[in-house]
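# Residue-level structural notes
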Amino acid sequence: MNTNMQNGKPTPRLGVTMPISESFPTKEDLASTERLLQTLKDEGLFESEEESRRREIVLGKLDKMVKEFVFVVLTKRRNQPEAVAREAGGKIFTFGSYRLGVHGSGKCADIDTLCVVPKNVAREDFFEVMHEMLRNRPEVTELTAVPDAFTPVIKMKFSEIPIDFTFAKLELHVIPDSLDLSNDGLLQGLDERCVRSVNGSRVTDDILRLVPNIPSFRIALRCVKLWAQRRAVYSNMMGFLGGVAWAMLVARVCQLYPNACGATIISRFFSILHQWPWPQPILLKPIEEGPLQVRVWNPKLYPADKAHRMPIITPAYPSMCSTHNVTDSTKAVMLSEFKDAAELVNKIMVERQPWSDLFKKGDFFSRYKHYIQIIASSDSEERHLRWSGLVESRIRRLVMGLERTENVVLAHPYIKGFDKVIQYRTAAEKEDAAHGTLKPRSEAPESELPSDALEEPGTIYTSTYYIGICIALREAGSTARRKLDLFRPKEEFLELVKNWDMYDEGSMGITIAHLTSSKLPAELFEDGADQKKAKRSKSGKKNSSAETRPPTKKRRGSTGPNSAVAVAETGPTSADSSSPATPALLVDPSTPKDPMPTPGTAVVPQA
């Protein structure tokens, strides 16, 4: 680490290059930062002292539970003396947003927590004994274990605070309370899953050590996280960026402007990223080689690493790519969002537009003409937590399958699902609920129940996910209709999720359907917003005058497990026309609704 003297004070130089500017903020910069900070407070991003104490109490209880868990395993399962088992200890570490000091307020702000145990405690013990201990706690709700995840985790709410609980065992007989995970030697003998779990904490600590100005970093990161959530580009699982990746991006810009205030960091952040020469990696420090036989990110050595589209590399040894889930489509979406945000922040800084303009919600459900709807359903809450989690974790594979489909330019997944708990009275209502077609009904007295009503009303749990589809522009002078065959990616996805070893056809369902934008459920539009979208010109800009185009008629086929995706077809003006549909073929209207980017570009249809 180099230093430079400014105003008699040493400024740390961090990163893999020299800073772009070491200028100190002007009065205007500081004033803009104050306005940004007030906007973030107005958005409710800072928790109260009472909320902070509640989190500390929950973490204290978890730490005690970890020590008790180790004691139970060593005495009951390993037959060790109680004195030895009690001495073995155990400890929790926090990481992610909470450790970085940028977590939000309220019940939606989770805490990433790592359970570290001695060598004689196994991962199976964690998912059996610890899981049962948590199940028996009255404060714990929504408990679900995901032992086969890339990083195995137990998810829960503890006193209404969301917790992601990961596990790592070290090659130590005793885990003292003074344990520091920064020592690379602690990785000796760990399997890959334990290395990933431990590195969650190590990466977070390294980020804080590699940032020259932590207060500016925290303000900027809070801003970027809120922007990414509102613009629906905050989700590692769906192929966008997760919290760690966003933190490393902000940290890198802080290194390039070590004396800048929060507002200046934000203005530089978006302008740098939309022009970044991907796949050149973002690094906070040079990649280190170590003595362990573990894989370190190296695109020259590993073809899979070379294929990463937006590599953002973790600083802790062994360095890994935090953005391996990014697809061509999600990369294109993010680059477009970076460009728009850069232009908007410039107006905020120069013309003093309000910072709240940066945090307006995205237009995903009015951006495209075609959408893919995926509905996962189950007959119990506990089973549905596991099943919907599995389906959600595989949607990125469906996106990649759609990207390989002819005429698909972009497949844009929405970052979260929409959950429902639905009461049904008949088998037909159950089927409709699983397909997302059950219409609201008023409560009827028992005497007015349908003749085919079940003896006991049932409950079905559903989670619905959406992917926006952008289709290539018709070639100049062409009048032929284009066909989009979605059968193969749909069937590959169904096969993938149904091959899950816990899949039960009798209690779990999965359906895929094509919807045009006019058929999207009304609840996706907040505050009763009209589903009818503003007309667009061919350039994609909203047009005040109505645009003339052939009417589109949507014909829907079966959405059962073995059926084809629904069909959209250009029809005549007559509303009662009903020409036969071709299974799994989507016939595009002659005039597309969304402005389509050419393949390989970073242009995304914008409202």
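These numbers come from a predicted model, not from an experiment.

Attention now moves to the pairing of strand E8 (residues 370-378). Among the 9 residues of E8, 9 are classified as buried, and the element is accordingly described as predominantly covered. Alternating positions in E8 separate into two faces, His 370, Ile 372, Ile 374, Ala 376 and Ser 378 on one and Tyr 371, Gln 373, Ile 375 and Ser 377 on the other, with burial throughout. Pairing between E8 and strand E11 (residues 458-471): 9 bridges, direction antiparallel. Directly across from Ile 375, in E11, lies its bridge partner Thr 464. Of the strand pairs in this sheet, E8 and strand E13 (residues 508-516) are connected by 9 bridges, and their pairing is antiparallel. Bridging across to E13, Ile 374 finds its partner in Ile 512.

Under the local residue numbering, the UniProt record ascribes the feature "binding site: Mg(2+) 1" (unreviewed entry) to Asp 110 and Asp 112. As for its position among the elements, Asp 110 is in the loop between helix H4 (96-100) and strand E4 (111-117). The exposure class of Asp 110 is partly exposed, given its relative accessible area of 30%. Filtering out sequence-adjacent residues up to four positions away, Asp 110 remains in contact with Pro 162 and Asp 164. Mapped onto the elements, Asp 112 comes out in strand E4. Sequence-distant contacts of Asp 112, defined by excluding residues within four places in its chain, comprise Phe 93, Thr 94, Phe 95, Gly 96, Ser 97 and Asp 164.

This part covers the side chain of Ser 32. Considering the arrangement of structural elements, one finds Ser 32 in helix H1 (residues 27-42). Each residue touching Ser 32, except ones within four places of it in the same chain, is listed here: Ala 263, Met 349 and Trp 355.

If the charged atoms of two oppositely charged side chains come close together, the side chains can form a pair. If you walk through the whole model with that rule in mind, you get 37 salt bridges. Between Lys 61 and Glu 139 there is a salt bridge, and its shortest N-O distance comes to 3.3 Å. Taken together, the residues Lys 61 in helix H2 (residues 49-77) and Glu 139 in the loop between helix H5 (123-135) and strand E5 (140-146) connect sequence positions 78 residues apart. Note on Lys 61: relative accessible area 29%, which makes it partly exposed. Between Lys 67 and Asp 63 there is a salt bridge whose closest N-O contact spans 2.8 Å.

As a further point, take the confidence of the model for the chain. On average, residues of the chain score 84 in pLDDT, and 82% of them reach the 70 mark or higher. When the criterion is pLDDT under 50, residues 1-8 qualifies, and its contacts beyond four places in sequence or with other chains add up to 21 contacts. When the criterion is pLDDT under 50, residues 527-607 qualifies, and its contacts beyond four places in sequence or with other chains add up to 190 contacts.

Residues Phe 217 and Trp 246 are the most contacted members of the largest nonpolar core, which totals 104 residues. The biggest single contributor to this core is helix H8 (residues 243-256), with 10 residues. One finds Leu 59, Val 66, Phe 158 and Phe 165 within the second-largest nonpolar core, a separate group that totals 34 residues.

Quick look at helix H15 (residues 487-498) now. Counted at 1.5 Å a residue, the expected span for H15 with its 12 residues is 16 Å, and the 16 Å between its end C-alpha atoms agrees. Taken together, the buried positions of H15 are Pro 489, Lys 490, Phe 493, Leu 494 and Val 497. Along H15, the residues classed as buried sweep out an arc of 135 degrees about the axis, all on the same side. Along H15, exposed side chains directed more than 90 degrees from the buried face belong to Arg 488 and Glu 495. In the core, the buried residues of H15 are packed alongside E8, helix H13 (381-403), strand E12 (483-485) and E13.

Within the secondary structure layout, Asp 125 lies in helix H5. The contacts of Asp 125, once residues within four sequence positions are left out, are Phe 69, Val 73, Arg 77, Arg 78, Asn 120 and Met 130.

It is worth spelling out the packing of aromatic side chains at this point. A full pass over the atoms with the stated rule returns 24 aromatic pairs. When the centroid spacing of 5.1 Å and the interplanar angle of 35 degrees are considered together, the rings of Phe 126 and Phe 167 count as tilted. Within this pair, whereas Phe 126 is found in helix H5, its partner Phe 167 is found in strand E7 (residues 161-169), the two being separated by 41 residues in sequence. Using a relative accessible area of 0% as the deciding quantity, one classes Phe 126 as buried. You can call Phe 167 buried: its relative accessible area is 2%.

Overall, mixed pairing links the 5 strands, which are arranged E3-E4-E7-E6-E5 in an open sheet. Whereas interior strands pair on both sides, the edge strands pair on one side only; in this sheet they are strand E3 (91-95) and E5. Each strand of the sheet is rotated relative to its neighbour by a mean of 25 degrees, with strand direction disregarded. Judged from the 6 bridges that link them, strand E6 (residues 153-158) and E7 form a sheet pairing that is antiparallel.

A separate point is the packing of helix H9 (residues 262-274) against helix H11 (residues 328-351). Running from amino to carboxyl end, H9 crosses H11 at an angle of 145 degrees, the nearest separation of the two axes being 8 Å. Remark: the crossing between H9 and H11 carries left-handed chirality. From H9, Ala 263, Thr 264, Ile 266, Ser 267, Phe 270, Ser 271, Leu 273 and His 274 reach across to H11, where they touch Leu 335, Phe 338, Lys 339, Ala 341, Ala 342, Val 345 and Met 349. Of the residues in the contact of H9 with H11, the class split is 10 nonpolar, 4 polar and 1 charged.

What follows covers the packing of H1 against helix H7 (residues 214-230). Packing of H1 against H7 leaves a shortest axis separation of 11 Å and a crossing angle of 55 degrees. Accordingly, the angle class assigned to the pair H1 and H7 is oblique. Crossing handedness for the pair H1 and H7: left-handed. Along its contact with H1, which presents Thr 33, Leu 36, Leu 37 and Leu 40, the element H7 presents Ile 219, Arg 222, Cys 223 and Leu 226. Of the residues assigned to the contact of H1 with H7, the class counts are 6 nonpolar, 1 polar and 1 charged.

All right, on to unusual backbone geometry then. Omega for the bond connecting Trp 278 with Pro 279 falls within 30 degrees of zero, at 10 degrees, which places this linkage in the cis form. You can see Pro 279 is positioned in the loop between H9 and helix H10 (303-306). With an omega of -5 degrees, the peptide bond between Tyr 317 and Pro 318 qualifies as cis. Tracing the chain through its elements places Pro 318 in the loop between H10 and H11. A positive phi angle, close to 50 degrees, is found at Glu 142, a residue other than glycine. By the secondary structure assignment, Glu 142 is in strand E5. According to the relative accessible area criterion, Glu 142 is partly exposed, its value standing at 42%. A positive phi angle, near 55 degrees, is found at Ser 159, a position not held by glycine. If you trace the backbone, Ser 159 turns up in the loop between E6 and E7. Judged by its relative accessible area of 24%, Ser 159 is partly exposed.

Each value, and the rule that gives it
- Residues numbered from 1 in each chain as written.
- Predicted model: local features only at pLDDT ≥ 70, side-chain atom pairs only at ≥ 80, totals over all residues.
- Heavy atoms only, no water.
- Buried < 20%, exposed > 50% of the residue type's maximum accessible area, 1.4 Å probe, protein only.
- Helix = DSSP H or I, 4+ residues; strand = E, 2+ residues; numbered from the N terminus.
- Pairing = 2+ DSSP bridges.
- UniProt positions renumbered as here; feature names shortened; annotations may be inferred.
- Contact = heavy atoms within 4.5 Å.
- Salt bridge = Lys/Arg side-chain N within 4 Å of Asp/Glu carboxyl O.
- pLDDT = per-residue confidence, 0-100.
- Core = buried A, V, L, I, M, F, W, Y, C linked by side-chain atoms within 4.5 Å.
- Expected span 1.5 Å × (residues − 1).
- Arc of directions from axis to C-beta.
- Phe/Tyr/Trp six-rings, centres within 6.5 Å; stacked < 30°, edge-to-face > 60°.
- Axes fitted to C-alpha atoms, helices over the stretch in contact; angles between N-to-C directions.
- Left-handed = near helix turned anticlockwise from the far one by under 90°.
- Nonpolar A, V, L, I, M, F, W, Y, C, P; charged D, E, K, R; others polar.
- Parallel < 35°, antiparallel > 145°, perpendicular 65-115°, else oblique.

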